[in-house]
Amino acid sequence: MVKYYLQKGTHKGLYRNIARTLKFFQTFALLEVGHCAIGIVRTSVIVTGVQVCSRIFMVWFITNSIRQIQNEESVILFVVVWTVTEITRYSFYTFNLLNHLPYFIKWARYNMFIVMYPLGVVGELLTIHAALPYVRRSGMYSLRLPNKYNVSFDYYYFLIIVMLSYIPLFPQLYFHMLRQRRRVLHGEIIVEKDE
């Protein structure tokens, strides 16, 4: 991303340049849900599943599907946030596996999300919002009556419901990370319900 921006001097076209890599790695993250499910990683399957599915949805069913929004600043916002977050997270995992975890990496892992998480959510929500007019005009992924299945689905309204779902889901995920932060950085013992 940095190389593209330095060469072109603009974010326009950046998504198309990184789309293949982004789609591959975000889809590949489904393995993380499996790792949680079989116990390789001690993290909630539900929390991991929501985060991974949200990213896959943003990549495949929003940004990849609607070319008109690929140059939106909000797309670059969530892609940059995801990138910084993953560099921090996987650095933490790597150094932890090597039993040589610098405090700075640990600090970054459990502090940067305080700003990055809300910025990523803003980028995602603004991107979905930017997609709404195109979805409404095109009728993409919608199924109208009458049809042989006798069901109706409107992707436009589905996206509005997805946006509204951030209201209850974001605070739960954010406060989960804050509890993790207190436990790891401050040694507090926190009793959580098994999710």
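As the structure is a prediction and not an experimental result, all values here were calculated from the model. (Residues numbered from 1 in each chain as written. Predicted model: local features only at pLDDT ≥ 70, side-chain atom pairs only at ≥ 80, totals over all residues. Heavy atoms only, no water.)

## Overview of the side chain of Thr 127
Stage number 1. By secondary structure assignment, the location of Thr 127 is in helix H7 (residues 113-138).
Stage number 2. Engagement of the side chain of Thr 127 in a polar contact is seen with the backbone nitrogen of Val 75, the distance being 3.5 Å.
Stage number 3. Not counting chain neighbours up to four residues away, the residues in contact with Thr 127 comprise Met 58, Ile 62, Thr 63, Ile 69, Ser 74, Val 75 and Phe 78. (Helix = DSSP H or I, 4+ residues; strand = E, 2+ residues; numbered from the N terminus. Polar contact = N/O pair within 3.5 Å; in protein donor to acceptor, adjacent residues only side chain to side chain. Contact = heavy atoms within 4.5 Å.)

## Thoughts on the layout of surface pockets
If a probe the size of a water molecule is rolled over the atoms, the empty space left behind becomes visible.
Stage number 1. The computed volume of the second largest pocket comes to approximately 450 Å³.
Stage number 2. Considering the residues around the second largest pocket, the lining is formed by 17 residues, among which Thr 21, Phe 25, Gln 26, Glu 86 and Tyr 90 are closest to the centre.
Stage number 3. Where the lining of the second largest pocket is concerned, the elements lending two or more residues are helix H2 (14-28), helix H3 (30-38) and helix H5 (73-97).
Stage number 4. When its residues are assigned to classes, the lining of the second largest pocket shows 11 nonpolar, 4 polar and 2 charged. (1 Å grid on protein atoms, 1.4 Å probe; cavity = no way out; pocket = protein on both sides within 12 Å on 5 of 7 lines; lining within 4 Å. Points joined across faces, edges and corners; volume = space filled by probe spheres on them. Nonpolar A, V, L, I, M, F, W, Y, C, P; charged D, E, K, R; others polar.)

## Quick word on H2
Stage number 1. Spanning 15 residues, H2 covers 21 Å between terminal C-alpha atoms, matching the ideal 21 Å at 1.5 Å per step.
Stage number 2. The axis of H2 is deflected most strongly, by about 45°, at Arg 20.
Stage number 3. Inspection of H2 places Leu 14, Tyr 15, Ile 18, Ala 19, Leu 22, Lys 23 and Gln 26 among the buried residues, and these make up the whole buried set. (Expected span 1.5 Å × (residues − 1). Bend = angle between axes of the 7 residues up to and from the residue. Buried < 20%, exposed > 50% of the residue type's maximum accessible area, 1.4 Å probe, protein only.)

## Focus: the pattern of salt bridges
Stage number 1. For the coordinates displayed, the defined rule picks out 4 salt bridges.
Stage number 2. Measuring nitrogen to oxygen at the nearest pair gives 3.0 Å for the salt bridge that ties Arg 89 to Glu 32. Highlighted residues: Arg 89 in helix H5 and Glu 32 in helix H3, separated in sequence by 57 residues.
Stage number 3. On the accessibility criterion, Glu 32 (17% relative accessible area) is buried.
Stage number 4. The partner of Glu 86 in a salt bridge is Arg 89, with the nearest N and O atoms 2.8 Å apart. (Salt bridge = Lys/Arg side-chain N within 4 Å of Asp/Glu carboxyl O.)

## Thoughts on the confidence of the model for the chain
Stage number 1. Residues at a pLDDT of 70 or more form 96% of the chain, whose mean pLDDT is 92.
Stage number 2. When pLDDT is averaged over each helix and strand of the chain, the minimum, 91, is found for helix H1 (residues 2-8) and the maximum, 97, for H7. (pLDDT = per-residue confidence, 0-100.)

## Observations regarding the UniProt feature "transmembrane region" (unreviewed entry) in the chain
Stage number 1. UniProt tags residues 112-135 and 155-175 as "transmembrane region" (unreviewed entry).
Stage number 2. In residues 112-135, the share of helix is 96% and the share of strand is 0%. The end C-alpha atoms are 34 Å apart.
Stage number 3. In the segment residues 155-175, helix accounts for 100% and strand for 0%; the C-alpha atoms at its two ends are 30 Å apart. (UniProt positions renumbered as here; feature names shortened; annotations may be inferred.)

## A word on the packing of H2 against helix H4 (residues 45-63)
How two helices pack is summed up by the angle between their axes together with the distance between the axes.
Stage number 1. The contact between H2 and H4 brings their axes to 10 Å, and the two run at 140°. Between H2 and H4, the crossing angle belongs to the class labelled oblique. Crossing of H2 against H4: the hand is left-handed. Counting all contacts with H2, which are made through Tyr 15, Leu 22, Lys 23, Gln 26 and Thr 27, the residues of H4 involved are Arg 55, Ile 56, Val 59, Trp 60 and Thr 63.
Stage number 2. Of the residues in the contact of H2 with H4, the class split is 5 nonpolar, 3 polar and 2 charged. (Axes fitted to C-alpha atoms, helices over the stretch in contact; angles between N-to-C directions. Parallel < 35°, antiparallel > 145°, perpendicular 65-115°, else oblique. Left-handed = near helix turned anticlockwise from the far one by under 90°.)

## Considering the environment of Phe 113
Stage number 1. Here Phe 113 is to be found in helix H7.
Stage number 2. Relative accessible area serves as the criterion here: at 8%, Phe 113 is assigned to the buried category.
Stage number 3. Each C-alpha atom, one on Phe 113 and one on Phe 153, is 35 Å from the other, the two residues being 40 residues apart in sequence.
Stage number 4. Those residues within four positions of Phe 113 in sequence are excluded, and the remaining contacts are Pro 118, Tyr 174, Met 177, Leu 178 and Arg 181.

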